[in-house]
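Coordinates in review
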Amino acid sequence: MHTQVGIIGAGPAGLVLSHLLHLKGIESVVLENRPRQYCEERVRAGVLEQGTVDLLCEMGVGERLKKEGLVHGGIELRFGGKGHRIDFRELTGGKTITIYGQSEVLKDLTNARLAAGGQVYFDVDDVSVHDFVGNKPKIRFARNSKPEDLTCDLIAGCDGFHGICRPAISQALTIYEREYPFGWLGILAEAPPSSEELIYAYHERGFALLSMRSPQLSRLYIQCSPEEDIHLWPDEKIWGELHKRLESTEGWKLIEGPITQKGVTGMRSFVAEPMQYGNLFLAGDAAHIVPPTGAKGLNLAVADVRVLAQAIVEFYKSGKRHLLNQYSATCLRRVWKVQRFSWWMTSMFHLFPDASPFDQKRQMAELDYVTSSRAGAQTLAENYVGLPM
Ligand code: PHB
């Protein structure tokens, strides 16, 4: 088997890249080791930056997103029992975010790729990458237990944090990393969202977040220990904690409903540099992880492959590697700004186990500043809706 670009991973990065290349007449094959259903049903992120929405629409996969996505012009920061709205439209010259689950994005992308005759192989095994330092890279994998070789010009490693691409070039990488001493316990509940917009709550018991997936589905999180045992959290205990942490003196009420999914995720900041070695290019979670407090993971993955697609298009048009050689540096400028924002949001809202009373007073002062100064609110808003490409 031969193709122009071999893409490992059918997440948002791999599928957006494959479709962008297709629109420019470049052929790719996407290999994914998980079943299609797993990819499309796993509950992941849900906030799309304006730039992500615009790109998906320009690519022709925005039809359902435009119909079903919930456009939000702001978020609420809640502390001391009171809400403070950050007005994105007013602070960023009209920009918004859109609530639309990653699982829905994946369904739309997979359908678009398959409808266009795209080659996306789910459920493959034993994927490995070879010879990417020369100009005859090769991907080995097994399909229906049959070994196959896929030769290509370039390999895109879009296979996530636990994928095989980053370890394949680990000797060439420098890793920058920070782990946080807490995680998030997240639930999906069949309850109408208790607020029209997202609520980020600072509370002495720990952070809480109210989000949503649709007018009937709430998505909620509470800060917990990174090793929290989900079995110790019956539904009533989760609701009890959410009521306490989201408490309001302004007459607001939390609406409960049956919990249909729950899980614990750890939190880390992680960057691997550079994002390229020879003809192997890393994109998305394969190269970097942000803590979820700024809702940036998916958006950053899409920003990477937008840069990569442009570089690949130039490569095939002119034979020049100029943009390919700049790929890593171009992406890392954005990656580090998004790392900084995600770290800042995380630090501002979470209770750190070793925090002193001074630290807590400082956190409150920071929230007070961000919600009472236009400059403070604007720096949050500008980053949240997404920095310009
Ligand atoms: C979500 O809806 O899953 C979500 C929203 C905002 C975040 C993180 C996750 O910061």
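Definitions and cut-offs
- Residues numbered from 1 in each chain as written.
- Predicted model: local features only at pLDDT ≥ 70, side-chain atom pairs only at ≥ 80, totals over all residues.
- Heavy atoms only, no water.
- 1 Å grid on protein atoms, 1.4 Å probe; cavity = no way out; pocket = protein on both sides within 12 Å on 5 of 7 lines; lining within 4 Å.
- Points joined across faces, edges and corners; volume = space filled by probe spheres on them.
- Helix = DSSP H or I, 4+ residues; strand = E, 2+ residues; numbered from the N terminus.
- Nonpolar A, V, L, I, M, F, W, Y, C, P; charged D, E, K, R; others polar.
- Polar contact = N/O pair within 3.5 Å; in protein donor to acceptor, adjacent residues only side chain to side chain.
- Contact = heavy atoms within 4.5 Å.
- Pairing = 2+ DSSP bridges.

1. A word on empty space enclosed by the protein
Taken as a whole and assessed by the stated rule, the structure comprises 1 cavity of 30 Å³ or more. Quantified by volume, the largest cavity comes out at close to 30 Å³. Surrounding the largest cavity, Glu-49, Lys-296, Arg-334, Val-338, Phe-341, Asn-383, Gly-386 and Leu-387 form its lining. Ranked by the residues each element gives to the lining of the largest cavity, the list is headed by helix 10 (residues 322–349), at 3 residues. Counted by class, the lining of the largest cavity contains 3 nonpolar, 2 polar and 3 charged residues.

2. Remarks on the side chain of Ser-195
Tracing the backbone through its elements, the reader meets Ser-195 in the loop between strand 13 (174–189) and strand 14 (199–201). A polar contact of 2.6 Å, which involves the side chain of Ser-195, links it to the backbone oxygen of Glu-197. The contact partners of Ser-195, leaving out residues within four places of it in the chain, are Leu-210, Met-212 and Trp-252.

3. Remarks on the sheet that holds strand 3 (residues 47–48)
Sheet strands line up and pair through hydrogen bonds in the backbone, either parallel or antiparallel. Read across the open sheet, the 3 strands follow the order 3-7-4; overall the sheet is antiparallel. Edge positions in the open sheet fall to strand 3 and strand 4 (70–72), since each of these has one partner strand only. Here strand 3 pairs with strand 7 (residues 97–99) via 2 bridges, running antiparallel. Bridge pairing links Leu-48 to Thr-98 in strand 7.

Everything listed here is a matter of coordinates, which is why it stays silent on function.
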